[in-house]
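The chain contents come next:
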Amino acid sequence: MGSFRLLVALGCVAAAVIGAGSARAAVDPYASLLAPAGVCGAAADQLALDANTAEQMMLCLTNYARAQSGLAPLTANPVLDQAGQAKLDADLACGDFSHTPCGNPFELVFAAYLQGASGYRIGENIAWGTGEFGTPRQTMDAWLNSAGHRENILTPGYRELGIGYLPNQTFQGYGGATLWSQEFGTRTPDAASAPAPAAKPTLAPAAKPAPVAKPKPRRAHRRVAVAKHRVARRHP
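Residues numbered from 1 in each chain as written. Predicted model: local features only at pLDDT ≥ 70, side-chain atom pairs only at ≥ 80, totals over all residues. Heavy atoms only, no water.

(A) Summary view of the confidence of the model for the protein. In this model, the protein carries a mean pLDDT of 80, and residues with pLDDT of at least 70 account for 69%. Counted against residues more than four places away or in other chains, residues 1-22, with its pLDDT under 50, gives 41 contacts. (pLDDT = per-residue confidence, 0-100. Contact = heavy atoms within 4.5 Å.)

Encoded structure:
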């Protein structure tokens, strides 16, 4: 792997991480939260997964970290899966690695999930990487070593999880990029409202993104955005 580096710019964190196995565990206080290779299946260390496998791997890795912390597992939610996919689609279309791509409100992709809720808590982690940094375990490793992302993963109040996944993309000048999102949620349904419909959320870019130049060969790259979460109570 490449040498360690940490860059902070525009509210994002870029990191290339060294170390593995027992040597890494000796200096990484969060190593015990990352499922060892093989626990969630071989696909957790692979690229170019199908959507269903990607979701299963990330759900397993997330629930492993929660179990290690004495927390209840999260349940997969297809509406939140759609929210995660919509966020990544917008990031890609806008060329913007952000929780608010093209200036769209953070909560927009959660609209279907929040419909009919009297109260809710939502959160989001996003990341992208090239080469080995795009695998499920490497992505989870980056999140667990970031305070805000780790807080989302280990928040006791969350009950459900959705996963967004876009493999083998050209993003911000890098080829072979893999984009990930985790959409966390818990909601209190309004007694007079029906369950939230599974409508597919969409994000329309506010402006046409600039053309992306043909990527140049570069070292493996990883970025995770500052984690985001929001709690709200709706009153009649």
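Following the structure, the description resumes.
(B) Inspection of unusual backbone geometry at higher detail. For N168, which is not glycine, the phi dihedral falls at a positive 55°. Positive phi is not limited to glycine here, since Q172 has a value of about 50°. Secondary-structure assignment places Q172 in the loop between β5 (160-171) and β6 (174-189). (Helix = DSSP H or I, 4+ residues; strand = E, 2+ residues; numbered from the N terminus.)

(C) Molecular detail of the nonpolar core. Within the largest apolar cluster, 26 residues are counted, with the highest numbers of intra-cluster contacts made by M58, M140, L144, I153 and W180. Listed by contribution, the elements that provide at least two residues to this core are α2 (51-68), α5 (136-144), β5 and β6. Looking at which element gives the most residues to this core, the answer is α2, with five residues. When neighbours within four sequence positions are excluded, I153 is seen to be in contact with T62, A65, R66, N125, M140, W143, L144, Q182 and F184. (Core = buried A, V, L, I, M, F, W, Y, C linked by side-chain atoms within 4.5 Å. Buried < 20%, exposed > 50% of the residue type's maximum accessible area, 1.4 Å probe, protein only.)

(D) Looking closely at the side chain of R150. Relative to the assigned elements, R150 resides in helix α6 (residues 147-153). No salt bridge forms around the buried R150; measuring N to O, its nearest opposite-charge neighbour D28 is 7.4 Å away. If near-sequence neighbours (up to four positions away) are discounted, R150 is found in contact with Y30, L33, W143, L144 and N145. (Lys, Arg positive; Asp, Glu negative; His and termini not counted. Salt bridge = Lys/Arg side-chain N within 4 Å of Asp/Glu carboxyl O.)

(E) Structural detail: α2. With 18 residues, α2 ought to run about 26 Å at 1.5 Å a step, and its terminal C-alpha atoms sit 26 Å apart, in line with that. All of the buried residues along α2 are T53, A54, M57, M58, L61, T62, N63, A65 and R66. Its buried side turned inward, α2 meets α5, α6, β5 and β6. Two to three positions downstream of the cap, the backbone nitrogen of N52 sits 3.2 Å from a side-chain oxygen, assigning the N-cap of α2 to D50. At the exit of α2 stands G70, carrying a positive phi of roughly 75°. (Expected span 1.5 Å × (residues − 1). Polar contact = N/O pair within 3.5 Å; in protein donor to acceptor, adjacent residues only side chain to side chain.)

(F) View of the pairing of β5. The pairing of strand β3 (residues 75-76) with β5 spans two bridges and is classified as parallel. Bridge pairing links A76 to L161 in β5. For β5 and β6, the ladder comprises nine bridges, and the chain directions are antiparallel. By the bridge assignment for β6, Y165 is matched with W180. (Pairing = 2+ DSSP bridges.)

(G) How the structure looks around the state of the cysteines. What the rule picks out here adds up to two disulfides. C40 shares a disulfide with C60; S-S distance 2.1 Å. Torsion about the S-S bond of the C40 and C60 cystine: about -85°, corresponding to left-handed handedness. With C40 in the loop between α1 (21-25) and α2 and C60 in helix α2, this residue pair connects regions lying 20 residues apart in the sequence. Given a relative accessible area of 10%, C40 falls into the buried group. (Disulfide = S-S within 2.5 Å.)

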